Amino acid sequence: MPLLGLLPRRAWASLLSQLLRPPCASCTGAVRCQSQGTRDLSPQHMVVREKILDLVISCFKRHGAKGMDTPAFELKETLTEKYGEDSGLMYDLKDQGGELLSLRYDLTVPFARYLAMNKVKKMKRYHVGKVWRRESPTIVQGRYREFCQCDFDIAGQFDPMIPDAECLKIMCEILSGLQLGDFLIKVNDRRIVDGMFAVCGVPESKFRAICSSIDKLDKMAWKDVRHEMVVKKGLAPEVADRIGDYVQCHGGVSLVEQMFQDPRLSQNKQALEGLGDLKLLFEYLTLFGIADKISFDLSLARGLDYYTGVIYEAMLLQTPTQAGEEPLNVGSVAAGGRYDGLVGMFDPKGHKVPCVGLSIGVERIFYIVEQRMKTKGEKVRTTETQVFVATPQKNFLQERLKLIAELWDSGIKAEMLYKNNPKLLTQLHYCESTGIPLVVIIGEQELKEGVIKIRSVASREEVAIKRENFVAEIQKRLSES
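Residues numbered from 1 in each chain as written. Predicted model: local features only at pLDDT ≥ 70, side-chain atom pairs only at ≥ 80, totals over all residues. Heavy atoms only, no water.

### Things to note about the overall build of the protein chain
For clarity, the threshold we go by: For helices the rule is a DSSP run of H or I covering at least 4 residues; for strands it is a run of E covering at least 2, with both sets numbered from the N terminus onward. Where accessible areas are quoted, they stem from the Shrake-Rupley method and a 1.4 Å probe; at the residue level, only the protein chains shown are allowed to cover.
Of the regular secondary structure elements, the protein chain holds 17 helices and 17 strands. Working note: accessible area of the protein chain is about 23800 Å², and carbon and sulfur atoms make up 51% of it.

Okay, here's the thing in structure tokens:
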């Protein structure tokens with residue numbers, strides 16, 4: 001049943017009033033701008049998107065993940081208090097029966113709820129689905145209010161940092177496979193972040209609020225983040241300055257060793273635990289051959305409340321562009337981390353299931369690929385049709401229908417024009433414009449001789465094949481192409 005059938009009319013009215021804003025003054029006629037943060041995807045867009053998703057999903061499967069799905073909406077109480085300050089970005093629905101519902105904000109919290117409800121203690125899963133956030137859309141950076149996420153998660157009790165290292169390996173495989181250009185994955189640990197706050201003098205009650213501010217350092221300058229912490233969140237200026245000394249530090253495993261010797265951080269038990277895990281993580285990343293793509297960055301905070309350990313975020317260093325063009329700035333294209341306490345929040349007895357995972361930012365990646373194709377003038381073929389059934393004469397519809405049925409029944413992707421008597425030139429032009437490689441032609445002469453003509457659209461060469469052998473000949477040609 002479609003989602004529309006599951007929600008009462010009033011709930012959808014509530015949702016639509018939030019999701020869709022009136023057209024802006026520049027919109028005319030039936031054309032709607034993208035200022036409301038949603039978009040239509042043309043057949044050309046879908047071809048590109050499906051190729052990206054195929055690469056991502058095949059990587060997830062290569063690492064042993066199982067697919068799953070969850071409802072597009074959850075009880076609001078399921079989602080609240082999981083996202084910190086971002087909880088205000090959820091889309092709320094109100095059911096006729098009085099239940100408060102919200103569209104899912106991400107795929108992680110529903111997954112944790114699923115594990116708890118079904119008492120699953122161990123699982124490696126991937127999930128591709130839409131999520132919704134009421135934030136200001138930035139179309140030029142691939143940011144929308146409705147967007148697709150691709151998640152991979154490992155749930156279960158395992159030895160430290162082995163699943164975490166695999167998640168980072170998966171991120172590297174996907175970003176390398178998409179050929180988006182050079183990238184860097186920043187890593188940190190929530191225990192190091194909290195330890196840093198503690199030794200700098202941040203009151204524990206402000207940890208999450210200050211963490212949310214630090215998370216903006218990839219979008220805002222330090223002076224602006226400092227202003228927010230001091231003026232808006234009431235942090236003492238000298239405390240903010242001590243934090244500033246740390247968040248400017250980034251490097252490799254040598255920085256981890258350096259932080260072990262830091263006079264303040266080395267006195268914090270939480271921070272030492274996080275540093276110990278990061279040191280072990282870098283050992284595994286070296287064995288995976290990806291340590292050069294990873295940077296220990298103390299400015300990385302990840303604002304979501306549910307993270308408890310290692311956190312990471314992938315940034316493109318520069319997207320491929322033509323000479324003279326400005327690089328596209330889209331921010332992070334993948335992120336994730338460890339969330340060991342989230343499942344326990346949904347379990348009546350508080351039983352925890354340790355989890356670690358990652359999310360690929362498909363919309364931002366899609367935007368980069370789309371812009372690159374526009375720059376290069378690349379054309380996208382929107383169908384996969386392999387063979388076109390044509391005729392040069394009138395009254396051959398029945399013969400064409402017989403031929404195309406044979407092709408379909410043999411698993412061959414085939415098309416024909418929906419006209420009784422189409423012109424041959426029109427049929428051949430259609431093949432050239434849509435990129436169909438082969439044409440089978442049936443006419444009076446072919447029918448009389450018991451043959452079918454097979455035409456290569458590219459070379460325009462034609463060959464006559466016995467009627468009973470034409471499917472086998474086409475299959476042979478397709479396998480060789």
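### Observations concerning the sheet that holds strand E1 (residues 66-67)
Our working rule: We call two strands paired when DSSP finds no fewer than two bridges between them. Any two residues whose heavy atoms approach within 4.5 Å are treated as being in contact. Lines are fitted to the C-alpha atoms to define the axes, a helix being fitted only along its stretch in contact, and any angle between axes, read from their N-to-C directions, falls within 0 to 180 degrees.
One open sheet accounts for 9 strands, arranged E1-E5-E6-E12-E11-E10-E7-E9-E8; its pairing is mixed. Looking at which strands have only one partner, the edges of the open sheet turn out to be E1 and strand E8 (250-251). Along the sheet, helix H6 (residues 162-177) makes contact with strand E5 (123-132), strand E6 (146-155), strand E7 (183-189), strand E10 (310-316), strand E11 (332-338) and strand E12 (355-361), crossing E12 at roughly 15 degrees.

### Considerations on the nonpolar core
For clarity, the threshold we go by: Residues belong to a common nonpolar core when they are buried Ala, Val, Leu, Ile, Met, Phe, Trp, Tyr or Cys residues joined through side-chain atoms within 4.5 Å. We call a residue buried when its accessible area falls under 20% of the maximum for its residue type, exposed when it is over 50%, and partly exposed in between, using a 1.4 Å probe and counting protein chains only.
Formed by 75 residues in total, the largest nonpolar core has its most connected members in Phe60, Ile185, Phe197, Ile243, Phe296 and Tyr312. Counting residues per element, this core draws most heavily on H6, which supplies 8 residues. Counting residues in each nonpolar core, the second largest holds 25 residues, with Leu115, Val120, Tyr306 and Phe346 among its members.

### Observations regarding the packing of helix H9 (residues 222-232) against helix H10 (residues 237-247)
As a reminder of what qualifies: Here a crossing is taken to be left-handed if its near helix is turned anticlockwise relative to the far helix by less than a right angle, and right-handed if that turn runs clockwise. Each residue is assigned to one class: nonpolar for Ala, Val, Leu, Ile, Met, Phe, Trp, Tyr, Cys and Pro, charged for Asp, Glu, Lys and Arg, and polar for all the others, Gly among them.
Packing of H9 against H10 brings their axes to within 10 Å, and their N-to-C directions diverge by 145 degrees. The two elements H9 and H10 cross, and the hand of that crossing is right-handed. Touching Trp222, Arg226, Met229 and Val230 of H9 are Pro237, Ala240, Asp241, Ile243, Gly244 and Val247, all from H10. Taken together, the residues of the contact of H9 with H10 break down into 7 nonpolar, 1 polar and 2 charged.

### So, the UniProt feature "binding site: L-histidine" (unreviewed entry) in the protein chain
Under the convention used in this document: UniProt positions are given in the numbering used here, feature names are shortened, and annotations may be inferred rather than shown by experiment. We define a polar contact as two N or O atoms separated by no more than 3.5 Å, with the added condition that, inside protein, one atom must be a possible hydrogen donor and the other a possible acceptor, whereas residues neighbouring each other in sequence contribute only through side-chain atom pairs.
In the numbering used here, UniProt assigns the "binding site: L-histidine" (unreviewed entry) feature to Asp106, Leu107, Thr108, Arg133, Gln149, Asp153, Arg302, Tyr306 and Tyr307. With respect to the helices, strands and loops of the structure, tyrosine 306 is situated in the loop between strand E9 (294-297) and E10. Beyond its immediate chain neighbours, meaning those up to four positions away, tyrosine 306 contacts Lys82, Tyr83, Asp106, Thr108, Val109, Arg338, Tyr339 and Leu342. With residues near it in sequence (within four places) discarded, tyrosine 307 still touches Arg190, Arg302, Gly336, Gly337, Arg338 and Tyr339. Within the structure, tyrosine 307 has its side chain in polar contact with the side chain of arginine 302 (distance 3.5 Å).

### Observations concerning the environment of glycine 357
Mapped onto the fold, glycine 357 is located in strand E12. For the pair formed by glycine 357 and tyrosine 312, sequence separation is 45 residues and the distance between their alpha carbons is 9.9 Å. With near-sequence residues (within four places) excluded, glycine 357 lies in contact with Phe152, Asp153, Cys167, Tyr312, Gly336, Gly337 and Tyr339.

### A few points about the sheet that holds strand E16 (residues 451-456)
Judged by pairing direction, the sheet is mixed, and its 5 strands sit side by side in the order E14-E13-E15-E16-E17 without closing on themselves. Two strands in the sheet have a free side with no partner beyond their single neighbour: strand E14 (414-415) and strand E17 (462-466). Relative to strand E15 (residues 438-441), strand E13 (residues 387-390) runs parallel, the two sharing 4 bridges. Opposite alanine 390, over in E15, you have isoleucine 441 as the bridge partner.

### Quick notes on the environment of valine 120
Here valine 120 is to be found in the loop between helix H5 (108-117) and E5. Taking the C-alpha atoms as reference points, valine 120 and valine 353, separated by 233 residues in sequence, lie 8.4 Å from one another. Leave out the neighbours within four places in its chain, and valine 120 touches Tyr114, Leu115 and Val353.

### A word on the packing of aromatic side chains
Short version of the rule: What counts as a ring pair is set by centres within 6.5 Å for rings of Phe, Tyr and Trp (its six-membered ring), and what kind of pair is set by the plane angle: stacked under 30 degrees, edge-to-face over 60, tilted for all other angles. Cation placement over rings: the criterion is NZ of Lys or CZ of Arg within 6 Å of the ring centroid and within 35° of the ring normal.
Tallying each qualifying case throughout the model produces 6 aromatic pairs. Following the ring pairs from residue to residue traces out a cluster consisting of Phe60, Tyr126 and Phe152. A cation over a ring is seen here: arginine 49 above phenylalanine 366, with NZ or CZ 5.1 Å from the ring centre. Sitting over the face of the ring of phenylalanine 183, lysine 293 holds its NZ or CZ atom 4.6 Å from the ring centroid.

### Focus on the pairing of E12
Of all the 7 residues making up E12, 6 are buried; the element is thus mostly covered by neighbouring parts of the structure. The pairing of E6 with E12 spans 7 bridges and is classified as antiparallel. Counted as the bridge partner of isoleucine 154 is valine 356 from E12. Bridge count for E11 against E12 is 5 bridges, and the pairing is antiparallel. Within E12, the residue paired with glycine 336 across the bridge is leucine 358.

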